[in-house]
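Now for the letters of each chain:
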Amino acid sequence: MINRTFRLFISSTFSDFITERNILNDEILPEINEFCQSEGYNFQLIDLRWGINNESALNQNTLAICLDEVKRCRLLSPRPNFLLMAGEKYGWLPLPASIKKKEFDGLISFASNEERNLICTWYILDENEIGGEYFLKKRVGQFIDDGTWSIEEHRLHNALIKCVQNNNALSEDTLKKLNSSATEQEIIEGLLLNDELCDNAIVVFRKGYPEKDEDQTKIDALKSRVFEKMLSDSCNNNLFELSWGENYSVRFKEIIIKALKDNISKEIKRLNSENSKNDSKKNLLCKFISTNVIIERESELDAISNYVNGEINSPLFVIGDSGSGKTTILADYIIHTDNSVFFTFYGFDENSYLLIDCLKTIVNEINQKYGISYNIDMNTTNITESMYEVIYAIPSEEKVIIIIDGLDMYHDIEDIHESVLPNHLPPNVKIIVSTTSGEVSERFISCRSHVLTIDKFTKEESIANLSLFFKQRNRQIISDNQKNEIIGTINNGATPLLLKLITEICINWRSTDTNNKLPDSIDDVALLYLTNMFNKFGHNKELVLYSIALIANSPYGITEDELQLLLLRFSSVKQYFISEDRYNHNLKKLPFAIWSRLFYDLKGCLTLTKMNGYIVVKFTHNIFYRAFTQNYTTYCQVADSVLLDYYTSLKSVYDTSLPNIRKALILPFLLKKSGKIKELSCLYNDLDFVNMTILIGHVNNVISDLQFLIGCDISLSDKNRLISLFNCLQENRSMLNCYYSEFFSCAANSNII
């Protein structure tokens, strides 16, 4: 499951590199995107300064957001993932967003009365930070104006620097915050880390530009460090020097395009050769649950071990509320057991949204491991037979555990008969299934099934775990009013997810806050987390609600490029965008900086994950989907319409003849969900679209949708064509699951074309 999306972070000073940034976004991006698509990859520019007119932000966390994106590019993206453009300006020195109390008190002791008054006007003590911390206030009133703030920021920075010069007891981290430009801190994170090679970076040094610092000491020292690092890591072939002047733009474009193509080609070759050396499934599972709440559940794990080692010969159902920790418990068991485990988790990868696909994967893995020659093409009509045949074909001396997590979540669960899970298992096979209590559990659990119920934590356990969560984030709650608000929510116990949500909300409570509230139910707490984005953090309400609506309506996640593009299709978001004079309004998509700031504050509920080679945005838990869709139906309906129009307008194949994976995955789902039967029928009457979907390995999706359509009220001629297509795919399913490019041959043999 390799990542096929290159995320390239652009680092430079602000105003003097606008020309280069425009060339990158308007001219280089389209060409590199097309180049990557021709190889089956994607390309994304992460440019937090493109499309905006000022670097600083009202919420004072611009630098933290930038460094977060640099880290994400290094962790998620293949190489190259960092482009540095350095000229003769050192750049903006942001104020530190926070200063530890001990160091702040030391600083202030060296300040004059005037300096002390200025500093203490802007920095406020928060005792909810363990050890105490002074945080930089949000810009309000007259300081919303960038020009007014620039003057005040300069005064404040000078006052802090004077205090620093008289204080030798400051930590290296605090000194870096005060003395380093935003660009230097990006460079440190992106390519100057001592323990890592800088082969992820492309560097351009530019000289001769009209704008330059009078004192070149800092920028020269920084460029010297970069040069030495590139040289020592044998990466100087990615280091370029350009002089400003005639034909500069042409030369810059040529150099960057060549450097990107060369580096990307080299990386694609490496990735393709290492594709067979992917992480083990257990390692991928560790990454999959990395955003989950990890709390020791010793008694539940013991119960699972007792079932596995005992003589019960029926499946074990793990039942609990949404967010009770079922997924984490099962993953914990898998990761630490020595037994042979074959497992599937809803949303684990691109093939884990339909239960039929997940079971087929498990069956194939079992067949491959134990050399079982039984070969049957699994589908909804023979899935029960297939499961029985394979389970009973496992050698009796081999102990096997099959784990299916989130049974109620799979898109096709209504099409799966409950008999797929045998009531009687051979002595060497155990099946563990997790689900919430409800219609699905009632249908699948028989009188022979064994049940493990996952209970909520008691009030005392919840308080103890919350204290631990806060301590891990270096936070605490000291106000009795705030403590009582939290205790009121967990008075009757809490699930791990509720504790996580409370933590994500309350770590942003300052000790000076007096009006913080927590609702009682987990759905309302999840909704509060989302609505805090515009009620507390200052994001535009329409931007927040339509961003979340797009994510909620995207079953396979949504890419950041898609979000940037689609958000401007909502009139209220576009109106907000146009009304802000800090942005360039002549853009076809939202500046990445706007989305990045929202994502930064939504990190407790969103994650970036790999899906069919794309990096997509998804909820970390279904609770956010449920809370949002139940309360913002209208926004979801409008977003649904925008998504439908967008995916309908896309070509089924790119100009490079490669299939459009996003359209193939998402459009049928959206049409089916919206009840647009006629449009779905027309889609599957387009054999090019059918071929594209089969090319990406989703013949089972096509068959399932055709089966659905045949049972709908459509014209007789359409129904007959779809029946012919359905029969063709059913007859050739086994071959098409192996040889994706053979659809048109099968269609010709069946006289469909």
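Just so you know, these numbers come straight off a predicted model, no measurement behind them.

A. A look at the overall build of the protein. Scanning the protein from terminus to terminus reveals 32 helices and 16 strands. The C-alpha radius of gyration computed for the protein amounts to 28 Å, which stays within 12% of the reference 27 Å derived for 753 residues, consistent with globular compactness. Put simply, the protein has 753 residues, and 56% of those count as buried. Sequence separation of at least 24 residues holds for 77% of the intrachain contacts in the protein that already meet a minimum separation of 6. With an accessible surface of roughly 32,600 Å², the protein has 48% of that area assigned to carbon and sulfur atoms. The protein carries 77 positive and 99 negative side-chain charges, and their two centres are separated by 2 Å.

B. Seen up close, the pattern of salt bridges. Tallied over the full model, the rule gives 40 salt bridges. The residue E20 makes a salt bridge to R206 at a minimum N-O spacing of 2.9 Å. Highlighted residues: E20 in helix α1 (residues 18-38) and R206 in strand β7 (residues 201-207), separated in sequence by 186 residues. Between K100 and E129 there is a salt bridge, and its shortest N-O distance comes to 3.1 Å. Pair noted here: K100 is in strand β4 (residues 98-100) and E129 is in the loop between β5 (123-126) and β6 (133-136), with a separation of 29 residues, a long-range link. For K100, a relative accessible area of 37% corresponds to the partly exposed category.

C. Seen up close, the state of the cysteines. The final tally for this structure, using the stated rule, is zero disulfides. Among the cysteines around C36, which has no disulfide bond, C73 carries the closest sulfur, lying 14 Å off. Free of any disulfide, C358 has its nearest cysteine sulfur in C738, 18 Å distant. Take C358: its relative accessible area is 3%, and that puts it in the buried class.

D. The nonpolar core, seen in detail. Among the nonpolar cores identified, the biggest contains 196 residues, and L191, I432, I486 and L729 are the most heavily contacted of them. In contact with I486, other than residues within four places in its own chain, are L466, F470, I477, I502, C506, W509 and L518. The next biggest cluster of nonpolar side chains, apart from the first, holds 30 residues, and it includes F6, F17, I28 and L29.

E. Structural view of the packing of helix α13 (residues 355-370) against helix α14 (residues 383-393). In contact at an axis separation of 11 Å, α13 and α14 are set at 25° when each is read in the N-to-C sense. As judged from the angle between their axes, α13 and α14 are roughly parallel. Crossing hand, α13 versus α14: left-handed. Contact residues: α13 offers I356, L359, V363, I366 and N367, while α14 offers I383, M387 and V390.

F. Expanded view of the packing of aromatic side chains. All chains considered together, the criterion is met by 28 aromatic pairs. Considering the side-chain rings of Y209 and W244, the 4.8 Å spacing of their centres and the 85° angle between planes classify their relative orientation as edge-to-face. A residue pair is termed long-range when its members are at least 10 positions apart, and Y209 in the loop between β7 and α8 (217-232) and W244 in the loop between β8 (239-243) and α9 (248-274) qualify at 35 residues. Taking relative accessible area as the criterion, W244 reaches 31% and is therefore assigned partly exposed.

G. Spotlight on helix α23 (residues 592-601). Most of α23 sits inside the fold, with nine of its 10 residues counted as buried. Turning to α23, its buried residues number three or more, namely F592, A593, I594, W595, S596, R597, L598, F599 and D601.

H. Structural detail: the packing of helix α21 (residues 560-567) against helix α25 (residues 633-649). At a closest axis distance of 11 Å, the pairing of α21 and α25 adopts a crossing angle of 110°. Taken together, the axis directions place α21 and α25 in an arrangement best described as roughly perpendicular. Handedness of the crossing formed by α21 with α25: right-handed. Within the contact between the two elements, α21 uses E562, L565 and L566 and α25 uses V642, L643, Y646 and Y647.

I. Local environment of the sheet that holds β7. Read from one edge of the open sheet, five strands run β2-β1-β3-β7-β8, paired in parallel fashion. Among the strands making up the open sheet, the edge pair consists of β2 (42-46) and β8. Strand after strand, the sheet turns through a mean of 20° between neighbouring axes, direction not considered. Here five bridges tie strand β1 (residues 5-12) to β2, and the two strands are oriented parallel to one another. Residue pairing for β2: R7 is matched across the bridge by Q44. With respect to the sheet, helix α7 (residues 182-190) is in contact with β1 and β3 (82-86), its orientation differing from that of β1 by roughly 145°.

J. Highlighting α25. For α25, built from 17 residues, the straight-helix expectation of 24 Å at 1.5 Å per residue is met to within 8% by its first-to-last C-alpha distance of 24 Å. Of all the residues in α25, the buried ones are Y635, C636, A639, D640, V642, L643, L644, Y646 and Y647. Tucked inside the fold, the buried residues of α25 contact α20 (541-552), β14 (558-559), α21, α24 (622-631) and α26 (661-673).

K. Examining unusual backbone geometry more closely. The peptide bond linking R79 to P80 adopts the cis configuration, its omega dihedral lying at 0°. The phi dihedral of S234 falls on the positive side, at around 55°, and the residue is not glycine. Looking at the secondary structure, you find S234 in the loop between α8 and β8. Positive phi values are uncommon outside glycine, yet N751 reaches one of about 60°. Along the chain, N751 falls in the segment after α32 (743-749).

L. Examining the sheet that holds strand β15 (residues 606-611) more closely. Strand order in the open sheet formed by three strands is β14-β16-β15, and the pairing between neighbours is antiparallel. Looking along the sheet, the strands with just one partner apiece sit at the ends: β14 and β15.

M. Representation of the environment of F470 in the model. Structurally, the position occupied by F470 is in helix α16 (residues 459-472). Judged by its relative accessible area of 6%, F470 is buried. For F470 and P659, which are 189 residues apart along the polypeptide, the C-alpha to C-alpha distance reads 47 Å. In this structure F470 touches R475, Q476, I477, I486, T503, C506 and I507, once residues within four positions along its chain are discounted.

N. Local environment of the environment of G604. Along the polypeptide, G604 turns up in the loop between α23 and β15. Spatially, the C-alpha atoms of G604 and N474 are 16 Å apart, while their sequence positions differ by 130 residues. Excluding anything up to four places from it in sequence, G604 contacts K500, E504, Y529, T620 and F624.

O. Region of the structure containing the pairing of β7. Summarising burial for β7: six of the seven residues are buried, a large majority. Inspection of the sheet shows β3 paired to β7 by five bridges, in the parallel sense. Residue pairing for β7: M85 is matched across the bridge by V204. Alignment of β7 against β8, held across five bridges, turns out to be parallel. Each bridged residue has a counterpart across the sheet, and for K207 the counterpart in β8 is S243. Note that the unit made of β7, α8 and β8 has a crossover that is right-handed.

Quick notes on the rules
Per chain, residues are indexed from 1 in the order of the written sequence. The model is predicted, so local features are restricted to residues of pLDDT at least 70 and side-chain atom pairs to those at 80 or more, both for listing and for counting; the totals for chains, interfaces and linings are taken over all residues. Water and hydrogen atoms were dropped before computing side-chain values, which therefore reflect all heavy atoms in the structure. Runs of E in the DSSP output that reach at least two residues are strands. Runs of H or I that reach at least four are helices, and both are numbered from the N terminus. C-alpha atoms define the radius of gyration, and 2.2 Å times the number of residues to the power 0.38 defines the globule rule. Exposure classes here rest on a 1.4 Å probe applied to the protein chains alone. A residue is buried below 20% of its type maximum, exposed above 50%, and partly exposed in between. Here, residues are in contact when the closest pair of their heavy atoms is within 4.5 Å. Only the protein chains shown count as cover for residues, and all accessible areas are computed by the Shrake-Rupley method using a 1.4 Å probe. His residues and chain termini do not enter the charge count, which takes Lys and Arg as positive and Asp and Glu as negative. The atom standing in for a charge is NZ when the residue is Lys, CZ when it is Arg, CG when it is Asp and CD when it is Glu. Salt bridges, as used here, are contacts in which a Lys or Arg side-chain nitrogen is within 4 Å of a carboxyl oxygen on Asp or Glu. Note on terminology: pairs of cysteine sulfur atoms within 2.5 Å are recorded as disulfides. In plain words, nonpolar cores are sets of buried Ala, Val, Leu, Ile, Met, Phe, Trp, Tyr and Cys residues tied together by side-chain atoms within 4.5 Å. For helices, the axis comes from a line fit to the C-alpha atoms of the stretch in contact; other axes are also lines fit to C-alpha atoms, and the angle between any two N-to-C directions lies between 0 and 180 degrees. Roughly parallel means an angle under 35 degrees; roughly antiparallel means over 145; roughly perpendicular covers 65 to 115; every other angle is labelled oblique. We call a crossing left-handed when the near helix sits turned anticlockwise from the far one by less than a right angle, and right-handed when that turn is clockwise. Aromatic rings from Phe, Tyr and Trp, with only the six-membered ring used for Trp, were paired whenever their centres fell within 6.5 Å, and each pair was classed as stacked if the ring planes differed by under 30 degrees, edge-to-face if by over 60, and tilted otherwise. In this analysis, strands are considered paired if DSSP registers two or more bridges between them. Multiply 1.5 Å by the residue count of a helix minus one, and that product is the helix's expected span. Whether a crossover is right-handed comes down to one check: with the strands pointing away from the viewer, does the path from the first strand over the helix to the second run clockwise; if it does, it is right-handed.

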